[in-house]
Amino acid sequence: MKKFFKIIICLIMALTLVGATACGSFGGGADGKSYSVTLNLCGGTLAEGDELTSYVSGEEVVLPTPTKAGDKFEGWYKSSDYSGGKVVKIYSKEKGDREFWAKWASNSSTPQTYAVTLHLNGGTLQSNLTAYTYGVGAILPVPTKSGSTFGGWFDNQNCTGTAVTEIAANDSGAKEYWAKWNSSPDSAQTYTVTLNLNGGVLETNLTSYTKGVGATLPTPTKENSRFDGWFDNIGCNGAAVTSISKNDTGNKVYWAKWTVTSTGSLMLSAYAGYSEGAYVEFPVESGVSEYTVSYKNSSANNYIDIDSELIRVNGDTVRADIVGLSKGNYTIKWLREARKRSVM
């Protein structure tokens, strides 16, 4: 009888251990049930497949990372006022419905700033950049180095890849950049100069200049025209350029601007062009009621008349615009007509 009692006691203890093991598979208060998850994105979005609407108590779930244009995700919080600690996951011991709110950098009362480290590699800066603010970004400064040309900032010590000129507004985290230098210790650096004469001629052309020396731009001439200066754009807009400073670097391209000074019949090349077009100006003549302007490509035989709407009188000047041109050299001709009779 005593032996039978001992066997029963052992069986009960074994069953108790098995039961404890089964309950422990959920850990702590986990119950294996499914509960809802509500993610308040606060203007953000989740990538397809990252949606989270429920979880099973007893299984650990990492919360997804949303994105928002122009903003930085700062974590999930259990309350809409972002109080308490940041939440990164639902732990296996948890149970019950869950709701979280996404916090963005734009929600922060104090803008986040990050450190910037610039390795000058022997160069110098007038004003250093040591930090930037999220949501604002920063333009990287341009250093100088005697006998060298700055080749850009790079995000690696070997200065390989693409040069970096600025930190974007939506960038985050500390930044570190290295300056690249193109050195020429034994000879001064020389750059090319391209002068688009627009029908003019030069006694002596200028094709290059040297850093540290600079150059004075020459004065071209053109029959029946006045030279109005060199410009750094094909439309000849802005301020005229007379010289290249000794501190300048890089290749230079300039366009000559002309003003017609003679009256009467005139054959000329366009003295000022712009994107897919060109224009000419000439003085108004007394007694002339209509003007005809035509043009032809240097390789063409016949002239093409432009529409009369493109010929406008403004005070004592007539301006004609030729539009829709392809790249090339053109000759422009104008006729004056009085009482419907050509007097070319």
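Shown above is the structure to which this text applies.
Owing to the predicted nature of the structure, the values given are computational and were not obtained by experimental measurement. (Residues numbered from 1 in each chain as written. Predicted model: local features only at pLDDT ≥ 70, side-chain atom pairs only at ≥ 80, totals over all residues. Heavy atoms only, no water.)

### Quick word on the sheet that holds strand β1 (residues 34-40)
Here we have 4 strands laid out as an open sheet, ordered β2-β1-β6-β4, and mixed in their pairing. The sheet terminates laterally at β2 (54-56) and β4 (73-77), the two strands that pair on one side only. Ignoring strand direction, the axes of neighbouring strands in this sheet form an average angle of 25 degrees. Two elements, β1 and strand β6 (residues 98-104), share 4 bridges in a ladder whose sense is parallel. Pairing of Asn40 across the sheet is with Trp101, part of β6. (Pairing = 2+ DSSP bridges. Helix = DSSP H or I, 4+ residues; strand = E, 2+ residues; numbered from the N terminus. Axes fitted to C-alpha atoms, helices over the stretch in contact; angles between N-to-C directions.)

### Describing the layout of surface pockets
Empty space within the second largest pocket amounts to approximately 150 Å³. Pro143, Thr144, Lys145, Gly147, Ser148, Thr149, Phe150, Trp181, Lys211 and Thr249 together form the lining of the second largest pocket. When grouped by side-chain class, the residues that make up the lining of the second largest pocket number 3 nonpolar, 5 polar and 2 charged. (1 Å grid on protein atoms, 1.4 Å probe; cavity = no way out; pocket = protein on both sides within 12 Å on 5 of 7 lines; lining within 4 Å. Points joined across faces, edges and corners; volume = space filled by probe spheres on them. Nonpolar A, V, L, I, M, F, W, Y, C, P; charged D, E, K, R; others polar.)

### Quick look at the side chain of Ser294
The residue Ser294 is located in strand β22 (residues 290-297) in this model. Among residues more than four places away in sequence, those in contact with Ser294 are Tyr303, Ile304, Asp305, Thr331, Ile332 and Lys333. (Contact = heavy atoms within 4.5 Å.)

### Looking at the pattern of salt bridges
Overall, the coordinates contain 8 salt bridges when judged by the stated rule. Glu94 is the partner of Arg98 in a salt bridge, and the nearest nitrogen-oxygen pair spans 2.8 Å. Put simply, Glu281, Arg312, Arg319 and Asp321 are held in one network by salt bridges that share partners. (Salt bridge = Lys/Arg side-chain N within 4 Å of Asp/Glu carboxyl O.)

None of this, on its own, says anything about what the molecule does.
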